[in-house]
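One-letter residues, chain by chain:
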Amino acid sequence: MLLTRGAGCGVRGAGCGVRGAGCGTRGAGCAVWDAGCGAASLTVCASADRDAEVNTRDALRTPHPGSRTPHAGSRTPHPDNDYHSLVVSVTNVTRRFGDRSAVDNVTFEVRPGEVFGLVGPNGAGKTTILRMIGGLIPPSSGRVAIDGETFTRASGAALRARIGFMTETPGLWDLLTVDENLLVYARLFRVRGAALAVERILRLFELWDRRADRVALLSKGMKQKLALGRALVHDPEVVLLDEPTANLDPEMSRTVRDLLRDLRHQGRTVVVSTHNLDEVERVADRVGLVSRTLVAVGEPAALRRDLFGRRLRVRMLTSYPPLPALAAVAARAGGQDVQIHGTDLSMVLEAPDRMTPVVIRSLVDAGAEIREAFDEEPPLEEVYLKLLGSPVHGSPVHGSSVHGSSVHGSSVHGSSVHGSSVHGSSVHGSSVHGSGVHGSGVHGS
Amino acid sequence: MKADRIVVLMGKELREFRSSPAAIAPVILLVVVCTVLPFVVVIGIPRMTGQSITSDRVLQHVVSLARGRVPGLGRLPPDAAAQAFLFQQFLLLFLVAPIFGAVSLAAYSVVGEKQGRTLEPLLTSPMSTSEILLAKVLASFLPSLAIELAGVCIYVLLVGATALPGVTATLVSVRSVILLGLVGPFASLTALQMTIAVSSRVNDARSAQQIAVLIVLPLVLMLIGQIAGAFIVTTPLLLLLALALAVTWIFLIWLSAALFERETILTRWK
C-alpha cells in the first residue's frame, strides 16, 4: 500500500509516484492511483492479497519498481492504464419537482478518463443532475446511463457500487470516529482489506492522526476531506463530486485538484460540480454551463474562443508612438476590432497564425517598441458571466461549443461583459484594467 | 437482500447507541420498572397489609378459571396458584417495555439521519431501501431484546427467591417461551417496522413513536383483560398471535420500503 504526496515538483517529498508493496495491477485486484507531480497518490486494493500488512512508512519512502510517473497535468488518459472506464451519458433529461422544472432537456456525455465540470449558479440544477447520474433520483424524462446501462430496480445496486458520490453536505455520522465512518462505507461497498483501504484514504487526506476522534470534533474542512475520502474508499470507476473543495484551505484544494488529475490519468470518469471557476478551469477537460438547461458545453478554451473570438494582445514598452496611430497601423495590417487598453493593443485576427507576424512587423516598422505579444485568454469567469450573468435567452446549445448569437442573441456582443464583475481578473498574469477585455474600449483612433 | 450489508449497517447503528448511552437508558429503566412492579404487587403489598392475595374474591374467581387453562396452575395450592397466575400475567410487561424503548431508538435512527443529513450518502451505497430499513429495525431490536431477556432472567430468579414453592416452575413453560420468545420479539419487530415506515415520512422522532401505540395497546389490553378475568389467552392462541405478528412484520418490511421515498427524502428534507 502506499500513499505519497507531492513529488518531483517541489511540493512535498521527493520522487514521483510510488506504488506500494504488496499490490499488483488492477487485474490482480489493485487499483493504483499513481502519484503525479505534485499530486496526491493512492492505492486501493480489492482482493485478498491486500490484506497483507504493509509498512506504510517504507511504502511512502520507497518507489516501487513498477511505479509509473504520470504527468499530473496531462489531459489525456495514460495510454497503458488498464482501468476500465465508464462513459456517462445524459440524454434529453428533464427533471421536474411538482410544477417546477429543475433540469430541462439536458444532454451531454462524459467520456472515459475525462473530468467534466458542471458549472452554474445556485439552483441551476447541478446537484439534481449529479443525483440523477448517481441513481439517487430518476429523471422525469430522458435517459441517464452509465456505460450504456440505465438505473433500474435490478441494476441500481450494481451500478451504484461502481460510483463514488461525494454529496453536497458531508453527511458524516458525528457519533462515530473518523475511521469508523470510512470503514462502514468500505464494508458496504465490500472492499476487501477494508481497514487497509481506510488507512490509505486517511493518510492521503492527512486525517490519520485524527482517526480515533469523533467526527463531531472535526473542523468543516476536515469533514469535507473525510467526505471526499468516503467517496473514493471503494475505488470507484465513476466519481461524482458535488462541490468538493467547499470549506477546504488552499493547500487541500490543491491536493483535491491533483487528485482529480490523477483520477483522470487512471481513466476514471469524473463529474465535478462547483462554483469555483478557477478550479474547474484548472482540472476539467470540458465544462457544462448549466442554468436549468445546458447553456453551453465544451473545453474551456473552446468556449472562450467561440464566445470572445481569438484575440491578439500586443504590449508596448511605451506609449510612443501614440497608441491610436499604432492601432490604425494594426487595422491596416489586418487587425479587426482593434482596442486600446493602456499600453496594450488588442485585436481579432482572422487567421492568427499567419497574420500575427504580419501585424507585429507592421507595428515594428511603424516604430512601436513591443514588449510582448500573446493570445488573450479571458478567464472562464468571463465566459460564465457572459453566458449566465444575465437571464438566459434562446434555446440551449449542445455539442462542443457555443456559437455566438445562437446562444444569447445580441447579449454576446457589445460592451456587455459586465463591467465591474471583471475587475481583478487577469489575462496571462497581467491585470485587465477598468472596462475589462470587452469594455466599450477605445476603437481605432 | 444482502445479509452482510445489513450486518454492517446494524454494526454502525449499535456503535452509535454505544456512543450515546442516553439512547439506551429508557429501555433499561422500563425493564427495571417491569421487574420490580410485580414484586411490589404480589409480595410487597400483601406483606405490608398482612392480607393474603387470595382474600380478593375477584382474583380467586380469575385464578379458578385459569387453573383449567394455564398449565401448571392446577397442581398448586390456592396461594401459590394466585402468585403464579399474577407473575405469569406480569410477564406481559416484558413485551411492552422493550417495544417502547426500541421504538424510540428506531424513530431516532431514521429521523436522526435526516437531521444529520447522513441519509443521502447512505443512499449512494449499493444498499437497497429494504436493507437499510431492516438494518435499522434489527439494530434497534437487538439491544432491546437483550435487555428484555436479561430482565426476564432476573425476574425469574427473583420469583424463585421470593415466591411460594412451585411458582417458579410455572413460569418456565412452553407458554412463557412462546410469549417471550415469539410473541414478544414479533410484536417488537412489528412495532419497529411501523415506526421506521412512519419515521421516513415525518420530521420528528416523537411523531414516529406514536405509531407504536397500535401494537402496545392490544398487549396492555391482554394483560388487563386476563387479570380482570375477562378472558384467558391460551397457549394455542398465543401461537396464533405470534404467527399473525410475524406475517404482519413481513408485510410491513415491504410496505415501509414502498413508503420510503428516496426522492422526497433527498429533495424535501431540509
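Residues numbered from 1 in each chain as written. Chains lettered and ligands numbered in written order. Predicted model: local features only at pLDDT ≥ 70, side-chain atom pairs only at ≥ 80, totals over all residues.

Participant: What am I meant to see in the overall build of chain A here?
Facilitator: Across its full length, chain A holds 13 helices and 19 strands. Taking all 445 residues of chain A together, 50% fall into the buried category. By sequence separation, contacts in chain A at least 24 residues apart represent 69% of the contacts at least 6 residues apart. (Helix = DSSP H or I, 4+ residues; strand = E, 2+ residues; numbered from the N terminus. Buried ≥ 20, exposed ≤ 12 C-beta atoms within 10 Å, placed from the backbone. Contact = placed C-beta atoms within 7 Å.)

Participant: Mind showing me how you'd approach the overall build of chain B here?
Facilitator: In terms of helices and strands, chain B carries 13 helices and zero strands. The secondary structure elements of chain B, listed N-terminal to C-terminal, are α-α-α-α-α-α-α-α-α-α-α-α-α. Across the 270 residues of chain B, 45% fall into the buried class. For chain B, long-range pairs separated by at least 24 residues make up 83% of all intrachain contacts whose partners lie at least 6 apart in sequence.

Participant: I keep staring at the packing of helix 5 (residues 93-115) of chain B against helix 11 (residues 213-227) of chain B and nothing clicks. Help me out?
Facilitator: Relative placement of two packed helices is described by the angle separating their axes and the distance separating the axes. Residues and elements named next belong to chain B. Look at helix 5 against helix 11: their axes get within 10 Å of each other, and the N-to-C directions meet at 165°. Compared by their axis directions, helix 5 and helix 11 come out roughly antiparallel. Regarding helix 5 and helix 11, the two cross each other, and that crossing is left-handed. Facing helix 5, whose interface residues are Leu 95, Val 96, Ile 99 and Phe 100, helix 11 presents Ile 215, Val 216, Leu 219 and Val 220. For the contact of helix 5 with helix 11, a count of residues per class yields eight nonpolar, no polar and no charged. (Axes fitted to C-alpha atoms, helices over the stretch in contact; angles between N-to-C directions. Parallel < 35°, antiparallel > 145°, perpendicular 65-115°, else oblique. Left-handed = near helix turned anticlockwise from the far one by under 90°. Nonpolar A, V, L, I, M, F, W, Y, C, P; charged D, E, K, R; others polar.)

Participant: Would you mind going over the sheet that holds strand 6 (residues 141-146) of chain A with me for this structure?
Facilitator: Sheet strands line up and pair through hydrogen bonds in the backbone, either parallel or antiparallel. All names here are of chain A. Within the open sheet, the four strands sit side by side as 4-3-6-7. Their pairing is antiparallel. Either end of the sheet is taken by a strand with one partner, and the two such strands are strand 4 (100-110) and strand 7 (149-150). Here two bridges tie strand 6 to strand 7, and the two strands are oriented antiparallel to one another. Directly across from Ile 146, in strand 7, lies its bridge partner Glu 149. Against the sheet, helix 2 (residues 126-133) contacts strand 3 (88-97), strand 4 and strand 6, and its axis sits at roughly 120° relative to strand 3. (Pairing = 2+ DSSP bridges.)

Participant: Could you clarify how one ought to interpret helix 4 (residues 178-188) of chain A in this entry?
Facilitator: Residues spaced three or four apart along an α-helix point in a common direction, a consequence of the helix completing one turn every 3.6 residues. Here helix 4 of chain A lies mainly inside the structure; 11 of its 11 residues are buried. Val 178, Asp 179, Glu 180, Asn 181, Leu 182, Leu 183, Val 184, Tyr 185, Ala 186, Arg 187 and Leu 188 of chain A are the residues of helix 4 of chain A that are buried. Along its buried surface, helix 4 of chain A packs onto helix 5 (194-204) and helix 6 (220-232) of chain A together with helix 1 (3-19) of chain B. One or two positions beyond helix 4 of chain A, positive phi appears at Arg 190 of chain A, with a value near 55°.

Participant: Got a minute to help me understand helix 11 of chain B in this structure?
Facilitator: Residues and elements named next belong to chain B. Compared with the 21 Å implied by 1.5 Å per residue over 15 residues, the 21 Å span of helix 11 between its first and last C-alpha is a close match. Among all positions of helix 11, only Ile 215, Met 222 and Gln 226 are buried. Buried residues of helix 11, viewed axially, fall in a sector of 25°; they line one side. In helix 11, the exposed residues that point more than 90 degrees away from the buried face are Leu 214, Leu 217, Leu 221 and Ile 224. Looking at the buried positions of helix 11, the neighbouring elements they touch are helix 4 (78-90), helix 5 and helix 9 (174-199). Phi turns positive one or two residues past the end of helix 11, at Gly 229, with a value near 85°. (Expected span 1.5 Å × (residues − 1). Arc of directions from axis to C-beta.)

Participant: What exactly am I supposed to notice about the environment of His 275 of chain A here?
Facilitator: Residues and elements named next belong to chain A. Mapped onto the elements of the fold, His 275 is located in the loop between strand 10 (269-274) and helix 8 (277-283). A residue is classified by how many C-beta atoms lie within 10 Å of it, and His 275, with 16 of them, is partly exposed. Each C-alpha atom, one on His 275 and one on Asn 122, is 8.5 Å from the other, the two residues being 153 residues apart in sequence.

Participant: Is there a simple way to explain the sheet that holds strand 5 (residues 115-119) of chain A in this structure?
Facilitator: All names here are of chain A. Read across the open sheet, the six strands follow the order 8-9-10-5-11-12; overall the sheet is mixed. Single-partner strands in this sheet number two, and they are strand 8 (163-166) and strand 12 (293-298). Within the sheet, the average angular offset between the axes of one strand and its neighbour, ignoring direction, is 15°. Where strand 8 meets strand 9 (residues 238-242), four bridges bridge the pair, whose relative direction is parallel. Each bridged residue has a counterpart across the sheet, and for Gly 164 the counterpart in strand 9 is Val 239. Against the sheet, helix 2 engages strand 5, strand 9, strand 10 and strand 11 (286-291), with an angle of about 155° to strand 10.

Participant: How do you make sense of the interface of chain A and chain B when you look at a structure like this?
Facilitator: Buried accessible area, meaning the area lost when the parts come together, often serves as the stated size of an interface. Taken together, the 24 residues of chain A in the interface contact 22 residues of chain B. In terms of residues, the side of chain A that touches chain B owes the most to one element, helix 4 of chain A, which gives five residues. For the side of chain A that touches chain B, a count of residues per class yields 14 nonpolar, four polar and six charged.

Participant: Is there a simple way to think about the confidence of the model for chain A in this case?
Facilitator: If pLDDT is low for a region, its predicted coordinates should not be looked at in detail. Summary statistics for chain A give a mean pLDDT of 71 and a share of 68% for residues scoring 70 or more. Note on residues 391-445 of chain A: pLDDT under 50 across the span, and 101 contacts to partners over four residues away in sequence or across chains. (pLDDT = per-residue confidence, 0-100.)

Participant: Any chance you could explain the confidence of the model for chain B here in plain terms?
Facilitator: Across chain B, the average pLDDT comes to 83, with 97% of residues at or above 70. This complex was scored by the predictor with a pTM of 0.70 and an ipTM of 0.79.

Participant: Is there a simple way to think about the environment of Glu 113 of chain B in this case?
Facilitator: Residues and elements named next belong to chain B. When you line up the elements, Glu 113 lands in helix 5. C-beta crowding within 10 Å serves as the criterion here: with 24 such atoms nearby, Glu 113 is assigned to the buried category. On a C-alpha basis, the gap between Glu 113 and Ser 200 in space is 9.9 Å, while along the polypeptide they are 87 residues apart. Glu 113 has contacts with Thr 118, Leu 119 and Leu 122, leaving out every residue within four places of it along the chain.

Participant: When you look at the nonpolar core in this model, what are you seeing that I'm missing?
Facilitator: As a rule of thumb, nonpolar side chains are buried together in soluble globular proteins. Counting 162 residues, the largest nonpolar core has Ala 186, Leu 240 and Val 271 of chain A as its most contacted members. The element that contributes the greatest number of residues to this core is helix 5 of chain B, accounting for 14 residues. Each of two domains, domain 2 (88-299) and domain 3 (303-380 + 409-443) of chain A, supplies a minimum of three residues to this core. With near-sequence residues (within four places) excluded, Val 271 of chain A lies in contact with Val 88, Val 110, Phe 116, Leu 118, Leu 130, Ile 133 and Leu 240 of chain A. Of all hydrophobic cores here, the second largest spans 14 residues; its members include Leu 312, Leu 326, Leu 349 and Ala 368 of chain A. (Core = buried A, V, L, I, M, F, W, Y, C linked by C-beta atoms within 7 Å. Domains from an automatic or database assignment.)

Participant: What is the right way to read the environment of Gln 226 of chain B from this model?
Facilitator: All names here are of chain B. You can see Gln 226 is positioned in helix 11. Taking the number of C-beta atoms within 10 Å as the measure of exposure, Gln 226 has 21 and is therefore buried. Separated by 163 residues in sequence, Gln 226 and Val 63 have C-alpha atoms that sit 9.8 Å apart. If sequence neighbours within four positions are ignored, Gln 226 has contacts with Gln 89, Phe 231, Ile 232 and Val 233.

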